[in-house]
Amino acid sequence: MIITTIDFFRILASVCRETTMFPILALLPFRRALLHLFMLTIMLALFITACRIYPALELREKIMSGLTEEFGTIKASEGGFLPEIAPDKRRSMEILPTYLLSYFPSKEFTLADMHIGDFSRGVLMTPGFVTLWIKKPESGFVLIPIVYSTSILNRFSSDSLTPVNGEVMIETVREMYDTEGPFIFEDVNSVASSFTIYYIVLRYMLEFARALFCVLVFNTLFTGCYSIGGGAAMAGMTYRNLWIMGVYASFPALIIASFFPAFDLPYFDYSTVYLFAFLGYFMFIFNKIQRFTISRIDIIGGKKDDDDDGEKRDD
C-alpha cells in the first residue's frame, strides 16, 4: 500500500509538471490507472468537503441563533415537540433566503397559511411532526421528515412522502401528526448536529461521484471520438492507450476544478472548468506526441533513403 501511494504521488507530480511521461503512462494496466484515479478523487473530495465545513458551521449558527431568538429552546415535552416561547402562537420566519419556516401549534392549518405561493421550499413545524417540504419542478411536493414520533415509521412510503399537491401534503402531515413520542430527536440542537454530519457525508459522496463522472464520461466520449477520427492511429496508439492517457491528463484539470467548489469561486462551475482544462491539456499533450511520432517516422524514412542511395552508389 505504501509503495502504491508513493507511486501515485510520483505520477501525479509528473503529469502536472511534464508531458514526456504520457507515452509511458499510456501503456500502464487499466486497473492501475483506475486505482490512481480513485485515489485522486478521494483526496480531492476530502479537500473540497473540508473547505466547506466552516461555512456550513457558520450557516448552522446563524439559523440556530434566529430560531432561539424567535422560539427559545425547542425540545420534546409532554405536549410534543414544542418551542419555549409562545408555544400556542402560529408564526412564520424566513430562516434562509429561499426557506420559510412555518410553525403551527396544532395540525389544523390551511395551504394559504404555509405561503406556498411565495416560496418553493420550507420547513413545516408542528408539535407532532416537523418536515422539510420542497416543490417539485413539474408538480407536487417532496417531504423530508425531520422530527417525528418513532411510532409512525411504518407509515413512511414513496407515495406518502411525494404528495401530488398541497392539499394532499397537508393531509399527509395530519396523518403523521403524533405528539405522544418518543421523538427521533429530543431537541433542535440534536437536529442541527445530525444534519451537519449528514451534510458533510453527503457532500463528500457527491464530490467524489462528480469527479469520477466527469473523468469517465468526458474522457470516454472525447477519446472515443478522437479514436474514431483516426487520431489514435496517427500517434501509433490504440484506443485503450488513448483512454488511459486521457485519465492521467485529467488529473491537473480535476485539481484546478476542485478549487471552484472548495472556495465558492464565482463565474464558472466545476464541470465547465474541468472540461476546458482537460481538453486544453489533452490536446497539448497529444499534439506533442503526434509531432514526435511524425518526426521519428521522417528520421527513419530519411535514414532508409540514405541507405538506398548508398547501395545504388556501390552498384
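Attention in this report is confined to the structure presented alongside it. (Residues numbered from 1 in each chain as written. Predicted model: local features only at pLDDT ≥ 70, side-chain atom pairs only at ≥ 80, totals over all residues. Heavy atoms only, no water.)

Regarding the pattern of salt bridges
Two side chains of opposite charge can pair, provided their charged atoms sit close to one another. Per the stated rule, a full pass over the model turns up nine salt bridges. Measuring nitrogen to oxygen at the nearest pair gives 3.0 Å for the salt bridge that ties Asp-113 to Arg-90. Within this pair, whereas Asp-113 is found in the loop between strand 4 (99–103) and strand 5 (121–126), its partner Arg-90 is found in the loop between strand 2 (80–83) and strand 3 (91–96), the two being separated by 23 residues in sequence. Note that Arg-210 is salt-bridged to Glu-207, the shortest N-O span being 2.7 Å. Taken together, the residues Arg-210 and Glu-207, both in helix 5 (residues 188–228) and three residues apart, mark about one turn of the helix. Judged by relative accessible area, which is 28%, Arg-210 ranks as partly exposed. The structure contains a network of salt bridges with shared partners spanning Asp-7, Arg-10 and Arg-32. (Salt bridge = Lys/Arg side-chain N within 4 Å of Asp/Glu carboxyl O. Helix = DSSP H or I, 4+ residues; strand = E, 2+ residues; numbered from the N terminus. Buried < 20%, exposed > 50% of the residue type's maximum accessible area, 1.4 Å probe, protein only.)

Description of the sheet that holds strand 7 (residues 141–148)
Strand pairing in a sheet takes place through backbone hydrogen bonds and is either antiparallel or parallel in direction. Read from one edge to the other, the open sheet built from five strands follows the order 3-4-5-6-7, with strand pairing classed as mixed. Every other strand in the sheet has two partners, leaving strand 3 and strand 7 as the edge strands with one partner each. Averaged over all pairs of adjacent strands, the angle between their axes in this sheet comes to 20°, without regard to strand direction. Looking at chain direction, strand 3 and strand 4 are connected through five bridges and run antiparallel. Counterpart to Leu-96 in the pairing with strand 4 is Tyr-99. Strand contacts of helix 3 (residues 30–71): strand 3, strand 4 and strand 5, with the helix running at about 165° to strand 3, the strand carrying the most contacts. In the packing of helix 4 (residues 166–176) onto the sheet, contacts are made with strand 5, strand 6 (129–135) and strand 7, and the angle to strand 7 comes to roughly 20°. (Pairing = 2+ DSSP bridges. Axes fitted to C-alpha atoms, helices over the stretch in contact; angles between N-to-C directions. Contact = heavy atoms within 4.5 Å.)

Overview of the layout of surface pockets
The volume enclosed by the largest pocket comes to roughly 960 Å³. Every residue lining the largest pocket is counted, 30 residues in all, and those nearest its centre are Ile-63, Ile-95, Leu-96, Ile-146 and Phe-195. Listed by contribution, the elements that provide at least two residues to the lining of the largest pocket are helix 3, strand 3, strand 4, strand 5, strand 6, strand 7 and helix 5. A total of ten residues in the lining of the largest pocket trace back to one element, the largest contributor, which is helix 5. Broken down by class, the residue content of the lining of the largest pocket amounts to 27 nonpolar, one polar and two charged. (1 Å grid on protein atoms, 1.4 Å probe; cavity = no way out; pocket = protein on both sides within 12 Å on 5 of 7 lines; lining within 4 Å. Points joined across faces, edges and corners; volume = space filled by probe spheres on them. Nonpolar A, V, L, I, M, F, W, Y, C, P; charged D, E, K, R; others polar.)

Things to note about the pairing of strand 5
Across the six residues that make up strand 5, a large majority, five, are buried. Relative to strand 5, strand 4 runs parallel, the two being bridged by five bridges. Across the sheet, residue Tyr-99 finds its bridge partner in strand 5, namely Arg-121. In terms of strand pairing, strand 5 meets strand 6 through six bridges, oriented antiparallel. Pairing of Met-125 across the sheet is with Val-130, part of strand 6. Between strand 5 and strand 6, which pair antiparallel one after the other, the connecting turn spans two residues.

Quick look at empty space enclosed by the protein
If you walk through the whole model with that rule in mind, you get one cavity of 30 Å³ or more. Quantified by volume, the largest cavity comes out at close to 40 Å³. Lining the largest cavity are Thr-41, Leu-44, Ala-45, Ile-48, Glu-207, Ala-211, Ser-258 and Tyr-270. Within the residue set of the lining of the largest cavity, elements represented by two or more residues are helix 3 and helix 5. Counting residues per element, the lining of the largest cavity draws most heavily on helix 3, which supplies four residues. When its residues are assigned to classes, the lining of the largest cavity shows five nonpolar, two polar and one charged.

In short, the description is geometric, and any link to function would need to be established separately.
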